[in-house]
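Structural overview for review
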Amino acid sequence: MPKIIRIGTRDSQLAMWQAKTVQSQLEHLGYKTVLVPVKSTGDLVLDKPLYELGITGIFTKTLDIAMLNEEIDIAVHSLKDVPTVLPKGIVQAAVLKRGNVNDTLVFKKNEEFLSTRDAIIATGSLRRRAQWLNRYPTHTVVGLRGNVNSRLQKLEDNTDWNAAIFAAAGIGRLNIRPENAINLHWMIPAPAQGAIMVTALETDSDIRAICAEINHEETEICTSVERKFLNLLEGGCTAPIGALAFIKNSEVNFKGVLLSKDGTKKVEISKIVPLGKHGDLAEFCANYVIDKGGKTLIDQLQRSDKSTNIYSTKKLTDNQLLLFHNEVVAESNDAIKISLNRLSKSIIRNEIEHVIITSKNAVEALLTNFSALELQFKNIYCVGRRTKRMIENRIGKVTHTEANAKKLAQYLVENLEKKEVTYFCSDLRLDDLPNILSEHNIVVNEIEAYQTKFDADKVEGSIDGVMFYSPSTIESFLKQNKANGIAFCIGETTAKAAKQHFKEVRVAKVPTVESVIELVNEHYV
């Protein structure tokens, strides 16, 4: 047994408070101790949110190294900062009785901003950010790093900030809780928030026996459930995961939550089990969250930690995003916005013999203006299998379909008896179809059914490729960005437009979004 127990700790004011609390309890039992302060990366890098630093155990790694080098005998941590899997050779030796588990909102003047549309809230925690935006989606959340005192000062100095979120335990332990503060009982805290943990070397049985004397069993049970839940969801400081367990009337009560980073999606669970039968509580709750959509959220969170390498000019669904290869990190947004036009009843007063529809947008425009019964079309010619399916489900039978407009025009030239067609199109339609038909003396009555508006994002940084679904998406994208990388195209018409700007163009086997995703995946195999 060592003559003096060397207690390793970070040197922040709060960390020193925690270490001194452990020191006091050990010395009360008759053991001699000394504090050994060290600085961690988390204390040194203050200009980025924790979730952007990408380091597991950012506040604990330095102490772990010091312990493995036998420079300290025990280390004191805020348990919520400790990775759920400890380094080989280091074990949890004790957990002290837990303090206040809540998150606390510190505000400047009053709480009226909570009922307003616009407010600015500061926090460096991804979990707090996500839960706040889930509850107040119109508010703005800004980053806030530093020790407790410096964060309080930053709140005071930033005149446009309304409030900031802190751990109640932190400001309480330092006795600096402002009067303008309320606990956020609705916000589920970080797993093990408010608890102090002591680690030791697995081989040091004497030190572990000493630490066991200050262990608080109830806190150990509750924080173990919370941390196992976190571990099973594969989370850390880069995932918005909250968990809280407490014991009441010989029962373990548990609440857990997983959110998307922007707070728009949330999966949560509450469960109560008898004390002593809580062994599989964390696993049950984690599996429930995963089954209720958590797997999709976790996959998206893991991808979001990597740099974007593919951009889609069409907003992709969650299921479509899951189809990508593991090496693909895709961002997506609609590069074009559709505005349906108001159409005159005179257009459909008489039965139209030959109608051309080249997109689902034209179908939507027709059905927005008229009922299916009003659309008396003798022959409908369309482009694309999905457009055909939509027409036959909502309007009527399709006479003939082709993969692209050029092929449809060639078919009509060869097979149309009456030399007149009605073409429901966009204001930005391609020239191929009407030009080919006109060259062969087929009259084309064009009706502008909808308008296509350019609304592409400016893509930051370099990317490997862009997914395009129409010539319009290419035109829109290029108004904001340069033609770099590979153009992954949904069909030949889109590819033809892409070849005017991109050096490398690839075309999907069939004209579907999923086929374009498959095309992208082939590039990374």
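These lines cover the structure that appears in this document, whether it is placed above or below. (Residues numbered from 1 in each chain as written. Predicted model: local features only at pLDDT ≥ 70, side-chain atom pairs only at ≥ 80, totals over all residues. Heavy atoms only, no water.)

Attention now goes to the packing of aromatic side chains. Enumeration according to the criterion identifies 8 aromatic pairs in this entry. Taken together, a centroid distance of 4.6 Å and an interplanar angle of 35 degrees make the contact between Trp132 and Tyr136 tilted. Of the two residues, Trp132 and Tyr136, both sit in the buried class. Where Tyr311 meets Phe477, the ring centres are 6.1 Å apart and the plane angle is 35 degrees; that geometry is what we call tilted. With a gap of 166 residues between them, Tyr311 in strand β14 (residues 310-312) and Phe477 in helix α16 (residues 471-480) connect regions that are remote in the sequence. Each member of the pair, Tyr311 as well as Phe477, carries the same accessibility label: buried. The rings of Tyr311, Phe468, Phe477 and Phe502 are connected pair by pair, giving a single aromatic cluster. Lys271 extends its terminal NZ or CZ atom over the ring of Phe284, reaching a point 4.5 Å from the ring centre. (Phe/Tyr/Trp six-rings, centres within 6.5 Å; stacked < 30°, edge-to-face > 60°. Buried < 20%, exposed > 50% of the residue type's maximum accessible area, 1.4 Å probe, protein only. Helix = DSSP H or I, 4+ residues; strand = E, 2+ residues; numbered from the N terminus. Lys NZ or Arg CZ within 6 Å of the ring centre and 35° of its normal.)

Bringing the sheet that holds strand β12 (residues 251-259) into the picture now. Strand order in the open sheet formed by 3 strands is β11-β12-β13, with antiparallel pairing between adjacent strands. Both edges of this open sheet fall to β11 (241-248) and β13 (266-274), since each of them pairs with a single strand only. Strand-to-strand twist of the sheet, defined as the mean angle between neighbouring strand axes without regard to direction, takes the value 10 degrees. The strands touched by helix α9 (residues 217-232) within the sheet are β11 and β12, with β11 carrying the most contacts at an inclination of about 150 degrees. (Pairing = 2+ DSSP bridges. Axes fitted to C-alpha atoms, helices over the stretch in contact; angles between N-to-C directions. Contact = heavy atoms within 4.5 Å.)

Where helix α14 (residues 405-415) meets helix α15 (residues 432-439), the closest approach of the two axes is 8 Å, and the angle between their N-to-C directions is 20 degrees. Comparing the axis directions of α14 and α15 gives the class roughly parallel. Between α14 and α15 lies a crossing of right-handed hand. Note on element contacts: α15 touches α14 through Leu433, Ile436 and Leu437, opposite Ala405, Lys406, Leu408, Ala409, Leu412 and Val413. (Parallel < 35°, antiparallel > 145°, perpendicular 65-115°, else oblique. Left-handed = near helix turned anticlockwise from the far one by under 90°.)

The first and last C-alpha atoms of helix α1 (residues 13-28) sit 22 Å apart over 16 residues, in line with the 22 Å expected at 1.5 Å per residue. Taken as a whole, α1 has its buried residues at Ala15, Met16, Gln18, Ala19, Val22, Gln23 and Leu26. The buried side chains of α1 occupy one side of the element, clustering within an arc of 160 degrees when seen end-on. Looking at the buried side of α1, the elements it contacts are β1 (5-10), β2 (33-38), β3 (74-78), α7 (168-173), β10 (196-201) and α8 (205-212). Positive phi appears at Gly30, one or two residues downstream of α1, with a value of about 100 degrees. (Expected span 1.5 Å × (residues − 1). Arc of directions from axis to C-beta.)

Under the counting rule described, the total for this entry stands at 17 salt bridges. The partner of Glu364 in a salt bridge is Arg394, and the shortest N-O contact between them spans 3.2 Å. Residue Glu364 is located in helix α12 (residues 360-369), and its partner Arg394 is located in helix α13 (residues 385-394); the two are separated by 30 residues in the primary sequence. Note that Glu522 is salt-bridged to Lys509, the shortest N-O span being 4.0 Å. Here the residue Glu522 occupies a position in helix α18 (residues 513-524), and Lys509 occupies one in the loop between β24 (504-507) and α18, the gap between them amounting to 13 residues. Among the residues examined, Glu522 registers a relative accessible area of 43% and is labelled partly exposed. What emerges from the salt-bridge pattern is a single network uniting Arg10, Lys80 and Asp81. (Salt bridge = Lys/Arg side-chain N within 4 Å of Asp/Glu carboxyl O.)

Further remarks concern the sheet that holds strand β15 (residues 330-332). Read from one edge of the open sheet, 5 strands run β15-β14-β22-β23-β24, paired in parallel fashion. Looking at which strands have only one partner, the edges of the open sheet turn out to be β15 and β24. Each strand of the sheet is rotated relative to its neighbour by a mean of 20 degrees, with strand direction disregarded. For β14 and strand β22 (residues 465-468), the ladder comprises 3 bridges, and the chain directions are parallel. Residue pairing for β22: Ile310 is matched across the bridge by Gly465. Across the sheet, α18 is in contact with β14, β22, β23 (486-489) and β24; its angle to β23 comes to roughly 145 degrees.

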